[in-house]
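For reference, the chains in residue letters:
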Amino acid sequence: VQLVESGGGLVQPGGSLRLSCAAYGFTFSSYTMSWYRQAPGKERGLVAQITSVGGRTNYADSVKGRFTISRDNAKNTVSLQMNSLKPEDTAVYYCHAKSPGLHSYYYWGQGTQVTVSS
């Protein structure tokens, strides 16, 4: 099982980035997929989530209206489009997969750095 993130980098405030996560080794279409982030000195927190069935989405209040999560079950990928970026969005962003069922298990990617700075 592997989650491989890409697309991070340095961007100016107000700019955009698109993160992608490629999944390998599990039934991607059955899993709820999420993006988390962790800034220095802070706990890791949920940014956005998309369900396996119906593709329902959920966002942290701090990113609503600016970030969009999407998934392509044919390509086993999940993406995070980030617009109107702010310095406080600077963090390591992690892809996360949660299995279906009562006794879920979880997978994490290695993380990709996003830095918003002028």
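Details of the structure are given in the entry above.
Numbering of residues begins from 1 in every chain and follows the order in which that chain's sequence is written. For this predicted model, a pLDDT threshold of at least 70 governs which residues receive local features, and a threshold of 80 or more governs which side-chain atom pairs are given and counted, while totals over whole chains, interfaces and linings are taken from all residues. Derived side-chain values reflect all non-hydrogen atoms in the structure, with water molecules and hydrogen atoms excluded from consideration.

K.L.:
Before we go on, may I ask you to explain the overall build of the protein in this structure?
P.N.:
Each helix corresponds to a stretch of at least 4 residues labelled H or I by DSSP, and each strand to a stretch of at least 2 residues labelled E; elements are numbered beginning at the N terminus. Assigned secondary structure in the protein consists of zero helices and 11 strands. Along the protein, helices (α) and strands (β) appear in the sequence β-β-β-β-β-β-β-β-β-β-β when read from the amino end. Overall, the C-alpha framework of the protein stretches about 45 × 25 × 25 Å when taken along its three principal axes. Burial here depends on accessible area, computed with a 1.4 Å probe over protein chains only, as a share of the maximum for the residue type. Under 20% is buried, over 50% is exposed, and the range in between is partly exposed. Per-residue burial over the protein gives 41% buried out of 118 residues. A separation of at least 24 residues holds for 53% of the contacts in the protein among residues at least 6 apart in sequence. When the accessible surface of the protein is split by element, carbon and sulfur atoms take 48% of a total near 6,200 Å². Charge counting treats Lys and Arg as positive and Asp and Glu as negative, with His and both chain ends excluded. In plain terms, the charge of a residue is placed at NZ if it is Lys, CZ if Arg, CG if Asp and CD if Glu. Within the protein, one finds 11 positive and 6 negative side-chain charges whose respective centroids are separated by 5 Å. Throughout, a residue-residue contact means that at least one pair of heavy atoms, one from each residue, lies within 4.5 Å. Method for areas: the Shrake-Rupley scheme with a 1.4 Å probe, in which residue coverage is limited to the protein chains shown.

K.L.:
Is there a simple way to explain the state of the cysteines in this structure?
P.N.:
Working definition of a disulfide: a covalent bond connecting the sulfur atoms of two cysteines. Note that a disulfide, as used here, is simply two cysteine sulfur atoms within 2.5 Å. A full pass over the atoms with the stated rule returns one disulfide. For Cys21, the disulfide goes to Cys95, at an S-S distance of 2.1 Å. Taking the torsion about the sulfur-sulfur bond, which here is approximately -85°, the covalent link between Cys21 and Cys95 counts as left-handed. With Cys21 in strand S3 (residues 17–24) and Cys95 in strand S9 (residues 91–98), this residue pair connects regions lying 74 residues apart in the sequence. Accessibility classification places Cys21 together with Cys95 in one group, the buried group.

K.L.:
What is the right way to read the side chain of Thr32 from this model?
P.N.:
Within the fold, Thr32 resides in strand S4 (residues 32–38). Note on Thr32: relative accessible area 16%, which makes it buried. Apart from the residues lying within four places of it in its own chain, the contact partners of Thr32 are Gln49, Ile50, Thr51, Ser52, Arg71, His96, Ala97 and Lys98.

K.L.:
Is there a simple way to explain unusual backbone geometry in this structure?
P.N.:
Residues other than glycine seldom take positive phi values, yet Asn76 does so here, at roughly 55°. Secondary-structure assignment places Asn76 in the loop between strand S7 (67–72) and strand S8 (77–82). With relative accessibility at 25%, the residue Asn76 sits in the partly exposed group.

K.L.:
Is there a simple way to explain the pattern of salt bridges in this structure?
P.N.:
It is possible for side chains bearing opposite charge to pair when their charged atoms get close. Between Lys or Arg on one side and Asp or Glu on the other, a salt bridge is scored when a side-chain nitrogen of the former is within 4 Å of a carboxyl oxygen of the latter. In this structure the tally under the stated criterion is three salt bridges. Between Arg37 and Asp89 there is a salt bridge, with its nearest N and O atoms 2.9 Å apart. Separated by 52 residues along the polypeptide, Arg37 in strand S4 and Asp89 in the loop between S8 and S9 bring together distant segments of the chain. In terms of burial, Arg37 and Asp89 fall into one category: buried.

K.L.:
Which parts of the structure should I look at to understand the packing of aromatic side chains?
P.N.:
What characterises a pair of aromatic rings is the spacing of the ring centres plus the angle enclosed by the ring planes. Note on aromatic contacts: the rings of Phe and Tyr and the six-membered ring of Trp form a pair at centre separations within 6.5 Å, being stacked when their planes are under 30 degrees apart, edge-to-face when over 60 apart, and tilted otherwise. Tallying each qualifying case throughout the model produces eight aromatic pairs. When the centroid spacing of 6.1 Å and the interplanar angle of 20° are considered together, the rings of Tyr31 and Tyr107 count as stacked. Of the two residues, Tyr31 sits in the loop between S3 and S4 while Tyr107 sits in strand S10 (residues 106–108), which places them 76 residues apart along the sequence. Classification of Tyr107 by relative accessible area gives partly exposed; the value is 21%. On the numbers, 6.3 Å between centres and 90° between planes, the contact of Tyr94 with Trp108 is edge-to-face. With Tyr94 in strand S9 and Trp108 in strand S10, this pair connects stretches of sequence that are 14 residues apart. Using a relative accessible area of 38% as the deciding quantity, one classes Trp108 as partly exposed. A connected cluster of aromatic rings, assembled from ring pairs, spans Phe26, Phe28, Tyr31, Tyr105 and Tyr107.

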